[in-house]
Amino acid sequence: SPFSPDRNHIHHFLLDLGMNHKMITFTCLTANIIFIALAYFLRFAGTTLVFLALSATAILMVSIVYYSRTRYIPTLTRKKAPHKAVVINTPEVFTILKQPAEQDSSF
């Protein structure tokens, strides 16, 4: 379904390669510049050749990214058991000080 979320987009593949969002943006921008330059330099070669060159370049780039990534495997989380209440029968006081602090009697 086109409305269900999935991880089959190029930016997810680049995330799986360990790139951050700035690097992904730069990579997509560079790929677009390559496509524009390729189309510009082949503009007199004919529509079919330009289409084939752009398609082959796109398939090659996506294939390299797709097959070099590590697969995303969602981890299953186990439900934690509810914590049992602990009853302390004798109150204990823990301090950070090495010596007992003096009590202020002004209260």
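Each value, and the rule that gives it
Residues numbered from 1 in each chain as written. Predicted model: local features only at pLDDT ≥ 70, side-chain atom pairs only at ≥ 80, totals over all residues. Heavy atoms only, no water. Phe/Tyr/Trp six-rings, centres within 6.5 Å; stacked < 30°, edge-to-face > 60°. Buried < 20%, exposed > 50% of the residue type's maximum accessible area, 1.4 Å probe, protein only. Lys NZ or Arg CZ within 6 Å of the ring centre and 35° of its normal. pLDDT = per-residue confidence, 0-100. Helix = DSSP H or I, 4+ residues; strand = E, 2+ residues; numbered from the N terminus. Expected span 1.5 Å × (residues − 1). Arc of directions from axis to C-beta. Contact = heavy atoms within 4.5 Å.

Caption draft 1: Geometry of the packing of aromatic side chains. Inspection of every chain in the model, using the stated rule, returns one aromatic pair. Geometrically, the ring pair formed by Tyr-40 and Phe-41 is edge-to-face, given 5.5 Å between the ring centres and 70° between the ring planes. Under the relative-accessibility criterion, Phe-41 is labelled exposed at 65%. One residue, Arg-43, lies across the ring of Tyr-40, its end atom 4.0 Å from the ring centre.

Caption draft 2: Spotlight on the confidence of the model for the chain. Of all residues in the chain, 63% attain a pLDDT of 70 or more, and the chain-wide mean is 77. Per-element averaging of pLDDT across the chain places helix α1 (residues 10-16) at the bottom with 82 and helix α2 (residues 21-41) at the top with 90.

Caption draft 3: The arrangement of helix α3 (residues 47-68) in detail. In this model, α3 (22 residues) spans 32 Å end to end at C-alpha, consistent with the 32 Å of a helix rising 1.5 Å per residue. Of all the positions in α3, only Val-50, Ala-53, Thr-57 and Val-65 are classed as buried. In an axial view of α3, the angular spread of the buried residues amounts to 90°, which keeps them on one side of the axis. For α3, the exposed residues lying more than 90 degrees away from the buried face are Thr-47, Thr-48, Phe-51, Leu-52, Ile-59 and Tyr-67. Along its buried surface, α3 packs onto α1 and α2.

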